[in-house]
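Observations on chain architecture
So the chains spell out like this:
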Amino acid sequence: MTVVAESIVPSGNAEAPAKSDAYVIGPDGTPLTLQDLPPPSTKRWVIRRKAEVVAAVRGGLLTLEEACNRYTLTVEEFLSWQKAIDQFGLPGLRATRVQQYR
């Protein structure tokens, strides 16, 4: 589903490609870079944003830990998004998280 590609570094340059050059194929089939991901301040998680974060982690653009820290998610919440995509595709992300009331 996702593909990671990085820019080619000329043979004279010993430096590794910058992480900002990396991209994955997003849920809509277009390239997705770190700059294209939802902003860290995102509070409203629509299907597309959830799918972009899952694609970024699966493609290696972000680690699970980086994604959870960046978006203030729990590992369980992220894994539930991933499981919903695996079982039901993008429509599986429509279900909203059950709020806990005290």
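Residues numbered from 1 in each chain as written. Predicted model: local features only at pLDDT ≥ 70, side-chain atom pairs only at ≥ 80, totals over all residues. Heavy atoms only, no water.

1. What to know about the nonpolar core
- Residues L37, V53, L62, Y71, F78 and W81 are the most contacted members of the largest nonpolar core, which totals 22 residues.
- Counting residues per element, the ones that place at least two in this core are α1 (47-58), α2 (64-71) and α3 (75-88).
- Tallying contributions element by element places α1 first for this core, with five residues.
- Excluding residues that lie within four positions of it along the chain, L37 makes contacts with L32, E52, A56, L62, R70 and Y71. (Core = buried A, V, L, I, M, F, W, Y, C linked by side-chain atoms within 4.5 Å. Buried < 20%, exposed > 50% of the residue type's maximum accessible area, 1.4 Å probe, protein only. Helix = DSSP H or I, 4+ residues; strand = E, 2+ residues; numbered from the N terminus. Contact = heavy atoms within 4.5 Å.)

2. Side note on α3
- Compared with the 20 Å implied by 1.5 Å per residue over 14 residues, the 20 Å span of α3 between its first and last C-alpha is a close match.
- Within the sequence span of α3, burial applies to E77, F78, W81, Q82, A84 and I85. Buried positions in α3, seen along its axis, are confined to an arc of 155° and lie on one side of it. Counted as exposed and oriented over 90 degrees from the buried face of α3: E76, K83 and D86. (Expected span 1.5 Å × (residues − 1). Arc of directions from axis to C-beta.)

3. Details of the pattern of salt bridges
- Applying the stated criterion to the full structure yields two salt bridges.
- The partner of E52 in a salt bridge is R48, with the nearest N and O atoms 3.3 Å apart. Of this pair, E52 and R48 both sit in helix α1, four residues apart, roughly one helical turn.
- Judged by its relative accessible area of 9%, E52 falls in the buried class.
- Where R58 meets D86, a salt bridge forms, and the shortest distance between an N and an O atom there is 2.5 Å. Linking R58 in helix α1 with D86 in helix α3, this pair joins segments that are 28 residues apart in sequence.
- By relative accessible area, which is 31% here, R58 ends up partly exposed. (Salt bridge = Lys/Arg side-chain N within 4 Å of Asp/Glu carboxyl O.)

Just distances and angles here, no functional claims.
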